[in-house]
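Chain residues, written in single-letter form:
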Amino acid sequence: MTMEKKEAYREKFQAKLDEWKAEIDKLKAKTRQKQVDAESEYHEEISKFKQKREALKAKLDKLEDASEDAWEDMKEGIEKSSKELKKAFDNAVKKFS
């Protein structure tokens, strides 16, 4: 192989290596963005879960001071909140497991 052919051959594959490096860098950037998006979504789901948990806790706190008749009326709201909390939790588990 002449020096010119050898150099052209090397340059050809160096260009290919450079191209692949650029592609790898693009993939890394996409992966980082997906991680940021996933983390944001994770925090959003956890926030929803915490809000629903606090709503249920507030209803349970009110139940403690409720009269005999009033607590019967509160049961439906507590059960609904409990179902919403479980659904929020199950959704979070599905998304991030």
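Parameters at a glance
- Residues numbered from 1 in each chain as written.
- Predicted model: local features only at pLDDT ≥ 70, side-chain atom pairs only at ≥ 80, totals over all residues.
- Heavy atoms only, no water.
- Helix = DSSP H or I, 4+ residues; strand = E, 2+ residues; numbered from the N terminus.
- Rg over C-alpha atoms; globule rule 2.2 N^0.38 Å.
- Buried < 20%, exposed > 50% of the residue type's maximum accessible area, 1.4 Å probe, protein only.
- Lys, Arg positive; Asp, Glu negative; His and termini not counted.
- Charge placed at Lys NZ, Arg CZ, Asp CG, Glu CD.
- Salt bridge = Lys/Arg side-chain N within 4 Å of Asp/Glu carboxyl O.
- Contact = heavy atoms within 4.5 Å.
- Expected span 1.5 Å × (residues − 1).
- Polar contact = N/O pair within 3.5 Å; in protein donor to acceptor, adjacent residues only side chain to side chain.
- Axes fitted to C-alpha atoms, helices over the stretch in contact; angles between N-to-C directions.
- Parallel < 35°, antiparallel > 145°, perpendicular 65-115°, else oblique.
- Left-handed = near helix turned anticlockwise from the far one by under 90°.
- Nonpolar A, V, L, I, M, F, W, Y, C, P; charged D, E, K, R; others polar.
- Phe/Tyr/Trp six-rings, centres within 6.5 Å; stacked < 30°, edge-to-face > 60°.

**A closer look at the overall build of the protein chain**
Of regular secondary structure, the protein chain possesses two helices and zero strands. Relative to its length of 97 residues, the protein chain is extended, with a C-alpha radius of gyration of 29 Å against a globular reference of 13 Å. Along the first, second and third principal axes, the C-alpha atoms of the protein chain reach 100 × 15 × 10 Å. Counting all 97 residues of the protein chain, 7% fall into the buried class. The average position of the 25 basic charges and that of the 24 acidic charges among the side chains of the protein chain differ by 8 Å.

**So, the pattern of salt bridges**
Scanning the model with the defined rule gives 10 salt bridges in all. In this structure, the salt-bridge partner of Glu7 is Arg10, at a minimum N-O distance of 3.1 Å. Note that Glu7 and Arg10 are positioned in helix H1 (residues 3–65) at a spacing of three residues, about one turn of the helix. Across the pair Asp25 and Lys21 runs a salt bridge, and its minimum N-O distance is 3.1 Å. Residue Asp25 and its partner Lys21 are both found in helix H1; the two are separated by four residues, about one turn of the helix. One connected set of salt bridges, linked through shared partners, spans Glu44, Glu45 and Lys48.

**Some details on the side chain of Glu45**
Tracing the sequence through the fold places Glu45 in helix H1. Here Glu45 falls in the buried class, since its relative accessible area comes to 7%. Contacts of Glu45, omitting those with residues within four sequence positions, involve Asn91, Ala92, Lys95 and Phe96.

**Quick word on helix H2 (residues 68–96)**
Compared with an ideal rise of 1.5 Å per residue, which puts 29 residues at 42 Å, H2 spans 42 Å between its outermost C-alpha atoms and is within 8% of the ideal. Of the positions making up H2, those classed as buried are Ile78, Ser81, Leu85, Ala88 and Ala92. Two or three places before Ala70, at the start of H2, stands the capping residue Ser67, its side-chain oxygen 3.2 Å from that residue's backbone nitrogen.

**Focus: the side chain of Ser81**
Position of Ser81 among the secondary structure elements: in helix H2. Since its relative accessible area comes to 6%, Ser81 is described here as buried. Leaving out residues up to four positions away in the same chain, Ser81 has contacts with Leu56 and Lys59.

**Points about the packing of H1 against H2**
The interhelical angle for the contact between H1 and H2, taken along N-to-C directions, is 160°, at an axis separation of 9 Å. In this view, H1 runs roughly antiparallel relative to H2, as classed from their interaxial angle. For the crossing formed where H1 meets H2, the hand is left-handed. Tallied by class, the residues present in the contact of H1 with H2 amount to 14 nonpolar, four polar and eight charged.

**Remarks on the packing of aromatic side chains**
Within the structure shown, the criterion is met by two aromatic pairs. For the pair Phe49 and Phe89, a centre-to-centre distance of 5.4 Å together with 45° between the ring planes defines the contact as tilted. Here the residue Phe49 occupies a position in helix H1, and Phe89 occupies one in helix H2, the gap between them amounting to 40 residues.

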